[in-house]
Amino acid sequence: ILVQPQLLPRMDYSNGIPTECRSLVVVPTMLSSEVYIEELIEGLEIRYLANREDNLHFGLLTDLLDANSATMPGDDQLVALAKKRIEELNKKYTSPETNTFYLFHRARTWNPQEKKWMGYERKRGKLSALNAFLRSYGRNDFSLVVGDQHVLSNIKYVITLDSDTQLPRESVWKFI
């Protein structure tokens, strides 16, 4: 009642996302099975097809399920499958400037409180590591990065989605 609201100006990116607003849509998740990886890749492709924009990239931000050792049988196959599918998406949707799709994968680290090998701080830790990576601070946080990395330092916005969250058609530029 005492303070009147004032509208803030909004940028109109309906004609495209400018280079200075290059953005990355990421899905933080855990690689648990081959079937789940296929679902993740399909979901990433659907989000891309609904929001085809220059200066917009899509990525999976992954680690593996908690375990009693740093590596488990089948880990390498899951990571290799995710890598292969991201590379296939980049070949299928070739961009003249850079890759559209990325994989950022972290290895397990020992957690003394949980007494397990796991992704450090799970989702929050992945996002923190990604932001550090994009700002060239945490280059060692990821054991594997798939995709052309030269544009990643120019990412201005990161949009985080859960694996089951849809991204409606032409909605990304509105977020940005």
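Since the structure is predicted, the reported quantities are computational estimates derived from the model, not experimental observations.

Quick notes on the overall build of the protein chain
Check the secondary structure of the protein chain and you find 4 helices and 7 strands. Ordering the α and β elements of the protein chain from the N terminus gives β-α-β-α-β-β-β-α-β-β-α. Whereas a compact globule of 176 residues would reach a radius of gyration of roughly 16 Å, the protein chain reaches 18 Å, a difference of no more than 12%. Taking the principal axes of the C-alpha coordinates as reference, the protein chain spans close to 55 × 50 × 30 Å. In the protein chain, 77% of the contacts between residues at least 6 apart in sequence involve partners at least 24 apart. Looking at the protein chain as shown, the accessible area adds up to about 10,400 Å², and 51% of this sits on carbon and sulfur atoms.

Looking at the layout of surface pockets
By volume, the largest pocket is sized at about 250 Å³. Taken together, 15 residues make up the lining of the largest pocket; nearest its centre are Glu53, Asp54, Asn55, Ser95 and Thr100. In terms of residue class, the lining of the largest pocket is built from 4 nonpolar, 6 polar and 5 charged.

Some words on unusual backbone geometry
Even without glycine at this site, Ser136 takes up a positive phi of about 65 degrees. Look at Ser136 and you get partly exposed, because its relative accessible area is 42%. In the Ramachandran plot, Glu170 falls in the positive-phi region, its phi being about 55 degrees despite a non-glycine side chain. With respect to the helices and strands, Glu170 occurs in the loop between strand 7 (157-160) and helix 4 (172-175).

Quick word on the packing of helix 1 (residues 34-50) against helix 2 (residues 75-92)
Put simply, helix 1 and helix 2 touch, their axes get as near as 10 Å, and they point 25 degrees apart. Taken as axis vectors, helix 1 and helix 2 run roughly parallel relative to one another. Helix 2 is crossed by helix 1, and the crossing has right-handed handedness. The segment helix 1 lies against helix 2, with Glu34, Ile37, Glu38, Ile41, Leu44 and Glu45 engaging Leu78, Leu81, Ala82, Arg85, Ile86, Leu89 and Lys92. Looking at the contact of helix 1 with helix 2, its residues break down into 8 nonpolar, no polar and 5 charged.

Re helix 2
The α-helix winds at 3.6 residues per turn, so residues separated by three or four positions along the chain end up facing the same way. An ideal rise of 1.5 Å per residue puts 26 Å on 18 residues; helix 2 measures up with 26 Å between its terminal C-alpha atoms. Buried within helix 2 we find Asp75, Leu78, Val79, Leu81, Ala82, Arg85, Ile86, Leu89 and Asn90. Buried-residue contacts for helix 2 involve strand 1 (23-31), helix 1, strand 2 (56-64), strand 3 (101-105) and strand 6 (144-146).

Some thoughts on the side chain of Asn90
In this fold, Asn90 is placed in helix 2. We classify Asn90 as buried; its relative accessible area is 10%. Residues within four places of Asn90 in sequence aside, it is in contact with Asn99, Thr100 and Phe101.

Conventions used here
- Residues numbered from 1 in each chain as written.
- Predicted model: local features only at pLDDT ≥ 70, side-chain atom pairs only at ≥ 80, totals over all residues.
- Heavy atoms only, no water.
- Helix = DSSP H or I, 4+ residues; strand = E, 2+ residues; numbered from the N terminus.
- Rg over C-alpha atoms; globule rule 2.2 N^0.38 Å.
- Contact = heavy atoms within 4.5 Å.
- Areas by Shrake-Rupley, 256 points an atom, 1.4 Å probe, with all protein chains shown as cover.
- 1 Å grid on protein atoms, 1.4 Å probe; cavity = no way out; pocket = protein on both sides within 12 Å on 5 of 7 lines; lining within 4 Å.
- Points joined across faces, edges and corners; volume = space filled by probe spheres on them.
- Nonpolar A, V, L, I, M, F, W, Y, C, P; charged D, E, K, R; others polar.
- Buried < 20%, exposed > 50% of the residue type's maximum accessible area, 1.4 Å probe, protein only.
- Axes fitted to C-alpha atoms, helices over the stretch in contact; angles between N-to-C directions.
- Parallel < 35°, antiparallel > 145°, perpendicular 65-115°, else oblique.
- Left-handed = near helix turned anticlockwise from the far one by under 90°.
- Expected span 1.5 Å × (residues − 1).

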